[in-house]
Amino acid sequence: YKLIILGIAMKILAEKVVETVVNRICDICNDSVMIEMNGHTHKECGELKASWGYGSKADGITYGLDLCENYFEVALHALKDYRRSIVMFDEKQELPDKAFGIATKGLR
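Now for a description of the structure that goes with this document. (Residues numbered from 1 in each chain as written. Predicted model: local features only at pLDDT ≥ 70, side-chain atom pairs only at ≥ 80, totals over all residues. Heavy atoms only, no water.)

### Some thoughts on the overall build of the protein chain
Scanning the protein chain from terminus to terminus reveals 1 helix and 6 strands. When its helices and strands are written in sequence order, the protein chain yields β-β-β-β-β-β-α. Put simply, the protein chain has 108 residues, and 12% of those count as buried. Accessible area of the protein chain: about 10,100 Å², with a carbon and sulfur share of 56%. (Helix = DSSP H or I, 4+ residues; strand = E, 2+ residues; numbered from the N terminus. Buried < 20%, exposed > 50% of the residue type's maximum accessible area, 1.4 Å probe, protein only. Areas by Shrake-Rupley, 256 points an atom, 1.4 Å probe, with all protein chains shown as cover.)

Listed below in structure tokens is the structure:
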């Protein structure tokens, strides 16, 4: 510890070791979802998460998957196909389109 007295105020300083994420791995293909760009590391992954509570058949179960871009697309297409199969003959519901699942779209 380092003790610094400044007039009436006193500060006690100490080094802290802080853990930080240095890599994340796709839960399907085991490849890293981290990319290097302009000297900085960025996380590029999709996350599939669920936390089920009281009243659910899966009460107390929490799921969390990190997916690389390729396998996120696979999961998204599978969900889109499943949705298409359950609404195909329901005239009150529309089939999923290209925007299925998109919450926001960046400017690229």
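### Examining unusual backbone geometry
Of note in the backbone geometry, Asn-30 takes a positive phi value of approximately 65 degrees without being a glycine. As for its position among the elements, Asn-30 is in the loop between strand 2 (9–13) and strand 3 (34–37). Under the relative-accessibility criterion, Asn-30 is labelled exposed at 58%. One non-glycine residue, Asn-38, lies in the positive phi region at around 55 degrees. Summarising the element assignment, Asn-38 is placed in the loop between strand 3 and strand 4 (40–43). The class of Asn-38 is exposed, set by a relative accessible area of 72%.

### Focus: the side chain of Arg-24
Structurally, Arg-24 is set in the loop between strand 2 and strand 3. Engagement of the side chain of Arg-24 in a polar contact is seen with the side chain of Asp-66, the distance being 2.5 Å. Ignoring sequence-local partners within four residues, the contact set of Arg-24 consists of Asp-31, Ser-32, Val-33, Met-34, Lys-43, Cys-45, Glu-47 and Asp-66. (Polar contact = N/O pair within 3.5 Å; in protein donor to acceptor, adjacent residues only side chain to side chain. Contact = heavy atoms within 4.5 Å.)

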